[in-house]
Amino acid sequence: MTIYSKRTFGLSSLSLAVSLALTGSMASTGVFAEETEAAKAESIEKIAVIGTRAAPRSIGDSPVPVDIISSDDLKKNGSTDMIDMLVTSIPSFNSRAQPISDAATLVRPVNLRGLPSDSTLVLVNGKRRHRAAVIAFQGGGINDGAQGPDISVIPNAALKQVEVLRDGAAAQYGSDAIAGVMNFVLKDDADGGSLTVSQGEYYEGDGATTTIDGNLGLAVTDHGFINMSLQYKNADATSRSVQRPDAKALIDVGNSFVKDPAQVWGNPEINDDYSIFVNSGFDISEKARLYAFGNYASRDAVGGFYYRNPHNRGNVYSVDGGKTLLVGDVGLANGGPATCATVPVPVDGNVLDTDAYKAMVADPNCFSMNQIFPGGYTPSFTGTIEDMSFFGGVKGDIGVWNYDLSAGTGGNKASFGLKNSLNPSMGLDTPTDFDTGAYDQKESTINLDLSRMMTLGGIEDISFASGFEWRNESFEIIQGDEASWIAGPYASQGFSIGSHGFKGFGPESAGKNSRHNIGIYTDLEAYLTSHWLLGAALRYEDFSTFGDTLNYKLSTQYAATEELSFRASHSTGFRAPTVGQENVVNTQTSIVNGNLIQTFIAPPTDPLSAFYGGEVLKPEESVSYALGAVYEYENFFLTLDYYNIEVEGRIAQSSKIEVEAADYDALRAAGVEFPELIQGVTYYTNDFDTTTQGIDIVGSYDTELLSGNTKFSLAYGWTDTSVDKFDPETTDAGKVRRLEDGIPAHRATLTWAQSWDQLSMSLRGNYFGEYYATHADDTSEWGSEMADAAITVDLDVSYALFDGLTVSVGANNLFDQEAQKLKNGTLGELGAIYYESGPFDYNGGFYYGRVNYRF
């Protein structure tokens, strides 16, 4: 096998390609030989296996853009959340905080190259990672309805590096790779380890976070290794809130039961967040190796919800906007006549002090929810996330063929609960804490990958690869306790059904749905000349639920000079609707024009959804084009890439469709119970087409400065999305604007890394361009505006006290750059100060200290 290098044809060095192809240190490479320590360090910095099934190559020689981020680079950040670490390292990678976002509070959605989280395929050691059970019902516009993997469970301590392919790759890897692929490569050291303790909090004095992580490598005889990693974390909640005007007004007229603040906008409280990863390998012969890796993770979270005003909250305290209280009649519920009198609500007073209210309370036949929560209430949304995976396989070579046979399974379970809430339809017998049920996502995969080098005609060293994949995916809704979903005896009197804020999953919702699919792929890659690389891939997939699809990819790179090369790619792709999107059921509370409404999320084929236009979901289809250049000269490295992604039939939540009184009879006839208690409905649909284009610039320069080693790094991304086609019946203008402008069009980071003998420093500036800001998910004029650009600065300073022990201090958002405040008329109206849809943390500056010991 001939390995080309800069010395032979003017491309970047591939000197490690042979050794890496033989070591098997990454999941998709061949058999095994020892690496020197220098080679290991080099491989972490420059060599990737993602995006190709040929020998691993340097990122400068890749025909598609690939970012390599080492574990040490990720650690130069105050946050220990993998999402936050990646946001500062990848030009077109975005995420946002989720203060009041139902289940999205538990699993933060992300996006790469302007597309939702489930359009990026996530791998661990080259194997497909299962998706999270949580679906982002309020995912910040671009991620509404997305169901991607939960990468926050992957601790930095377990990682050798992260490889990010910023190019469409469905023809290589299958569904979900429209935006690109992220490969998390686990550590494979057979000795040594590390222990890190970090502590930090926000400048405001809240959100204190403690993280302990460790890594240990062990040799298994002379032929294998086990590498184990553990991370444990706790984080206090934050609050960036003021007292709501309506809550203050109640306090001013004598209601002493109202809390201050009545509603909190902030990060959830995270308890007992731990993650365990194990990676292992063992040589069973000179030509074969067994490998296995897996994880288990769990965390508990408690987040906030919206405040329920005790005078006017619909279907709890009132049904006429707060003119009168909603009074339950026990006799009427038991078949007798209505006997309870009307209780007017004073315009500028406290209903608890009125004679009509006191008389109602004295009558055992009558009641109101004020008797349980006289000051109103703010539910607390609780959740437990459990995540596990296991993969095992054997790889090696037989004759001229390299093979990799593997099987694995993974699952993610999200268990939900509510505290400080009630089921109004149960009257005074309602509990206030609820187990509302769970979502459980499971996936199993079997893979066989074959590759070899071959000669065809006059072309030598053609990389040929082919393989097979079988995958099964299931999504289960687990029933909550009866009180969380039951329609109590007072539902017919106008009282809301189920735990208020997040209705529990009842027997009609519970159940398990699954599908399976097979995939067959082949790809070729060869140097047609010493300067010209050409690759082609073809993949066929067949799904049990909606049929088959065939996709292709072409890629090329041409070395114009020893320093400059050009690259391009073209591909088609697809993203299959998830089983969760096809079958999920939920109830959410949303803001529309400043008012809270309760919306039911139903499967697209449910009678309620079907009545308002719901249809069976189809796969998204995409066409991608990319063109770029790579320039390398001595210690200077620069890449510039343009991409264009057209997606047809994008799957997302519909806009909220109002359930009107004129439809009640028809809905009942269709099998919908109590339609009068459903204010709105939303469902998943293929309702729009988009074109997303952008430019990514990544550069670095190594030099000597201030008597030390210096590295300057730049990552810039421009992203533009246009909605080419949409259905106005299911997608409103506000949602379109959020898709087009909800993330900054311009993002950039500039990093200065400096090191001396014992002292090192990383100073990073982050630029966030203008974006369309929304208050929660309210896209009305009341709750949205264009937000200003902003710059934040991060600093990390480390000092090696002695060999192996390093102390670090630093700050994210060093100068406490304030997030965009809500505009006048919205500011403080619901207790919030900032638009939480912003691209950086609205909590402000965060400082931290860290102690790391390596052995």
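Up top is the structure.
Residues numbered from 1 in each chain as written. Predicted model: local features only at pLDDT ≥ 70, side-chain atom pairs only at ≥ 80, totals over all residues. Heavy atoms only, no water.

Brief notes about the pairing of strand 6 (residues 120-124)
- Counting buried positions along strand 6 yields five of five residues, so the element is predominantly enclosed.
- With burial as the criterion, each face of strand 6 is covered, one bearing Thr120, Val122 and Val124 and the other bearing Leu121 and Leu123.
- As defined by bridge partners, strand 6 adjoins strand 9 (residues 180-186) across five bridges and the pair is classed as parallel. Across the sheet, Val122 pairs through a bridge with Met182, a residue of strand 9.
- Alignment of strand 6 against strand 7 (residues 127-128), held across two bridges, turns out to be antiparallel. In the strand pairing of strand 7, Val124 is matched with Lys127. (Buried < 20%, exposed > 50% of the residue type's maximum accessible area, 1.4 Å probe, protein only. Helix = DSSP H or I, 4+ residues; strand = E, 2+ residues; numbered from the N terminus. Pairing = 2+ DSSP bridges.)

A few points about the side chain of Ser571
- As for its position among the elements, Ser571 is in strand 24 (residues 564-575).
- Not counting the four nearest positions on each side in its chain, Ser571 is found in contact with Gly168, Tyr552, Lys553, Ser622, Val623 and Ser624. (Contact = heavy atoms within 4.5 Å.)

Side note on the packing of aromatic side chains
- Within the structure shown, the criterion is met by 27 aromatic pairs.
- Centroid distance Phe367 to Phe495: 5.7 Å. Interplanar angle 25°. Geometry classified as stacked. Highlighted residues: Phe367 in strand 16 (residues 366-367) and Phe495 in the loop between strand 20 (459-478) and strand 21 (511-527), separated in sequence by 128 residues. The residues Phe367 and Phe495 share a single accessibility class, namely buried.
- Members of the aromatic cluster, connected to one another through ring pairs, are Phe305, Phe381, Phe416, Tyr439, Phe475, Phe502 and Phe505.
- For the cation-ring pair, Arg452 lies above Trp401, with the distance from its terminal atom to the ring centre recorded as 5.4 Å. (Phe/Tyr/Trp six-rings, centres within 6.5 Å; stacked < 30°, edge-to-face > 60°. Lys NZ or Arg CZ within 6 Å of the ring centre and 35° of its normal.)

Points about the sheet that holds strand 9
- Strand order in the open sheet made by the five strands is 3-8-9-6-7, with mixed pairing throughout. One side of each edge strand has no neighbouring strand; the edge strands of this open sheet are strand 3 (66-70) and strand 7.

Here's the deal with the pattern of salt bridges
- Taken as a whole and judged by the stated rule, the model has 33 salt bridges.
- Residues Arg131 and Glu443 are paired through a salt bridge, measuring 3.8 Å at the closest nitrogen-oxygen approach. Here Arg131, found in the loop between strand 7 and strand 8 (159-165), pairs with Glu443, found in strand 19 (residues 434-456); they are 312 residues apart in sequence, far enough to count as distant.
- What emerges from the salt-bridge pattern is a single network uniting Arg128, Arg131, Asp176, Glu443, Glu469, Arg471, Glu473, Arg515, Arg539 and Glu541. (Salt bridge = Lys/Arg side-chain N within 4 Å of Asp/Glu carboxyl O.)

Observations concerning helix 13 (residues 733-741)
- The complete set of buried residues in helix 13 reads Gly734, Lys735, Val736, Arg738 and Leu739.
- On its buried face, helix 13 sits against strand 28 (636-653), strand 31 (684-705), strand 32 (708-726) and strand 35 (771-774).
- For helix 13, the side-chain oxygen to backbone nitrogen distance between the N-cap and Gly734 is 3.2 Å, and the N-cap itself is Asp732. (Polar contact = N/O pair within 3.5 Å; in protein donor to acceptor, adjacent residues only side chain to side chain.)

A look at the state of the cysteines
- Taken as a whole and judged by the stated rule, the model has one disulfide.
- There is a disulfide in this structure between Cys340 and Cys366, and the S-S distance comes to 2.0 Å. In this structure, the disulfide formed by Cys340 and Cys366 twists by about -105° around the S-S bond and is classed as left-handed. Here Cys340 is found in the loop between helix 8 (330-333) and helix 9 (355-362), whereas its partner Cys366 is found in strand 16, with 26 residues between them in sequence.
- In this structure Cys340 comes out as partly exposed when scored by relative accessible area, which is 22%. (Disulfide = S-S within 2.5 Å.)

So, the side chain of Ser569
- Inspection of the secondary structure assignment puts Ser569 in strand 24.
- For Ser569, a relative accessible area of 9% translates into the label buried.
- A polar atom in the side chain of Ser569 sits 2.9 Å from the side chain of Asp167.

Topic: the pairing of strand 31
- As paired elements, strand 28 and strand 31 share 16 bridges and run antiparallel to each other. Opposite Asn644, over in strand 31, you have Gln693 as the bridge partner.
- Pairing of strand 31 with strand 32 involves 18 bridges; the strand directions are antiparallel. Bridge pairing in strand 32 links Gly699 to Leu714.
- Counted along the chain from strand 31 to the antiparallel partner strand 32, the turn is two residues long, and its residue Leu706 has a positive phi close to 55°.

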